[in-house]
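# Overview (structure and organization)
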Amino acid sequence: MSVSLDRITDFLATVPLFRELERSAVRGFAELTREQRFAKGAMIVTEGDPGDALFVVRSGEVKVVLIGDDGREVILNVLNVGDHFGELSLIDGRPRSAHVVATQPSSLLVLRRADFRRQVETSPQVAWGLMVELSRRLRQADGTIGSLVLLDVPGRVAKVLLEHATPGEPATLVKQLTHQTIAQMIGASRETVSRAMAEFQEKGLISVQRRVVTIVDRAALEARARPRG
């Protein structure tokens, strides 16, 4: 096995979708991938494109977005190393449901739908992993819809911070989210998000140093992320 294939196999073994497989099975998927590089700001897939592949982020960062007729952008998710998108297309082959844009110079591994399906026939554990991942995404979507309906803007900001933080306390965000990005994730203005962040800092819930957000009082932030009666 080449050094490059070794590295791709090692990397895929850390991705939840492939984590439970024997190394030989992971290697089978690695052999079918091809790597693509994208500059910052590049459009990786466009809404309506054929849904013919799974993408795994090997380096960099991408965002999944919807763009309205008026040009307004809504961020559905921000994906980092080890995250993937295109799972639905592996099942139904339907067109892409959103745009995906590189927010940093990024490298992605691409696995074509036909190759994936053939490989799953010999590694059915991946099908189970795919169902688990889709269930997680569905629960996440339910939570997002609920927060938009039940929470005010500070509550939605608190929920985003908690969802993107490392475990424990104090905790830092695993992704550096700008106020504008958070605003586009929760359907609010950047100014409103900035006010909420300032409020959390004043109350000692979070601290911000050199753009790194640290959760200082998780319990209080969790309370803020719950609907108020």
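Numbering of residues begins from 1 in every chain and follows the order in which that chain's sequence is written. Restriction of local features to residues with pLDDT of at least 70 applies here, the model being predicted, together with a cutoff of 80 or more for giving and counting side-chain atom pairs; totals for whole chains, interfaces and linings are based on all residues. By convention in this description, side-chain values take in all heavy atoms of the structure and omit both hydrogens and water.

### Overview of empty space enclosed by the protein
Note the cut-off: With a 1 Å grid laid over protein atoms only, a set of points is called a cavity when a 1.4 Å probe fits there but cannot get out and a pocket when it is open yet has protein on both sides within 12 Å along at least five of seven lines; lining residues have an atom within 4 Å of a point. Grid points are joined across faces, edges and corners, and a volume is the space filled by probe spheres set on the points. Strands here mean DSSP runs of E at least two residues long; helices mean DSSP runs of H or I at least four residues long; both are numbered from the N terminus. Nonpolar residues are Ala, Val, Leu, Ile, Met, Phe, Trp, Tyr, Cys and Pro. Charged residues are Asp, Glu, Lys and Arg, and all others, Gly as well, are polar.
One pass over the structure, following the stated rule, counts one cavity of 30 Å³ or more. Within this model, the largest cavity holds a volume of roughly 40 Å³. Along its surface, the largest cavity is lined by Leu12, Phe18, Thr33, Leu54, Val56, Leu109 and Leu111. Counting residues per element, the ones that place at least two in the lining of the largest cavity are β3 (53-59) and β8 (106-112). The residue makeup of the lining of the largest cavity, split by class, is six nonpolar, one polar and no charged.

### Thoughts on the pattern of salt bridges
For clarity, the threshold we go by: Salt bridges are identified by distance alone: a Lys or Arg side-chain nitrogen within 4 Å of an Asp or Glu carboxyl oxygen. Three labels apply to residues, based on accessible area from a 1.4 Å probe with only protein chains included: buried if under 20% of the type maximum, exposed if over 50%, partly exposed otherwise in between.
Per the stated rule, a full pass over the model turns up 13 salt bridges. Note that Arg37 and Glu35 form a salt bridge whose closest N and O atoms lie 3.8 Å from each other. Taking relative accessible area as the criterion, Arg37 reaches 67% and is therefore assigned exposed. On the basis of relative accessibility, which here comes to 33%, the residue Glu35 falls in the partly exposed class. Residues Lys159 and Glu163 are paired through a salt bridge, measuring 2.5 Å at the closest nitrogen-oxygen approach. Placement of both Lys159 and Glu163 in helix α6 (residues 153-163) is noted, with a separation of four residues, approximately one turn of the helix.

### So, the layout of surface pockets
Considered as a void within the structure, the second largest pocket measures approximately 590 Å³ in volume. As for the second largest pocket, its lining consists of 24 residues, and the residues nearest its centre are Glu61, Gln176, Leu177, Thr178 and Thr181. Breaking the lining of the second largest pocket down by element, the ones donating at least two residues are β5 (73-79), β7 (99-102), α7 (179-186) and α8 (190-202). At three residues, α7 tops the list of elements feeding residues into the lining of the second largest pocket.

### Examining a nonpolar patch on the surface
Note the following rule: A patch consists of residues whose relative accessible area exceeds 30% and which take part in no salt bridge; residues with like charges are grouped when within 9 Å of each other, and nonpolar side chains (Val, Leu, Ile, Met, Phe, Trp, Tyr) when within 5 Å. Using the Shrake-Rupley algorithm and a 1.4 Å probe, accessible areas are obtained, with residue cover drawn only from the displayed protein chains.
The grouping of Trp128, Met131 and Val132 at the surface amounts to a nonpolar patch, some 350 Å² of accessible area in total. The exposure class of Trp128 is exposed, given its relative accessible area of 59%.

### Some thoughts on the UniProt feature "domain: Cyclic nucleotide-binding" (unreviewed entry) in the protein
Filter applied, for reference: UniProt positions are given in the numbering used here, feature names are shortened, and annotations may be inferred rather than shown by experiment.
The sites that carry the UniProt feature "domain: Cyclic nucleotide-binding" (unreviewed entry) are, in the present numbering, residues 17-137. Here residues 17-137 runs as 29% helix and 34% strand, with 13 Å between its end C-alpha atoms.

### Focus: the side chain of Glu87
How we decide: Think of a polar contact as two N or O atoms within 3.5 Å of one another; within protein, one of them needs to be a possible hydrogen donor and the other a possible acceptor, and neighboring residues in sequence only count if both atoms come from side chains.
When you line up the elements, Glu87 lands in helix α3 (residues 87-92). Looking at Glu87, its side chain comes within polar contact range of the side chain of His84, at 2.4 Å.

### Quick word on α6
For α6, a buried count of nine out of 11 residues is recorded, marking the element as mostly surrounded by other parts of the structure. When α6 is considered as a whole, its buried residues turn out to be Val153, Pro154, Gly155, Arg156, Val157, Ala158, Val160, Leu161 and Leu162. The residue sitting at the N-terminus of α6 and contributing the capping side-chain oxygen is Asp152; that oxygen lies 2.9 Å from the backbone nitrogen of Gly155.

### Considering the domain arrangement of the protein
The test is simple: Residue ranges assigned to the domains are those given by an automatic or database domain assignment.
Examined at the domain level, the protein breaks down into domain 1 (1-148) and domain 2 (151-225). Computed from C-alpha coordinates alone, the two centres of domain 1 and domain 2 are separated by 26 Å.

### A short note on the pairing of β8
A regular strand carries its side chains on alternate faces of the sheet. Selection rule: Should DSSP find at least two bridges between two strands, the strands are regarded as paired.
Burial analysis of β8 places six of its seven residues in the buried class, the great majority of the element. Taken together, the five bridges between strand β1 (residues 34-38) and β8 define a ladder with antiparallel strand orientation. Its bridge partner being in β8, Gln36 is matched across the sheet by Leu108. Strand direction decides the pairing type here: β3 and β8, joined by six bridges, are antiparallel.

### Looking at the sheet that holds β1
The strand order β1-β8-β3-β6 describes an open sheet built from four strands, whose pairing is antiparallel. Strands with a single pairing partner mark the edges of an open sheet, and in this sheet they are β1 and β6 (84-85). The pairing of β3 with β6 spans two bridges and is classified as antiparallel. By the bridge assignment, Val56 is partnered in β6 with His84.

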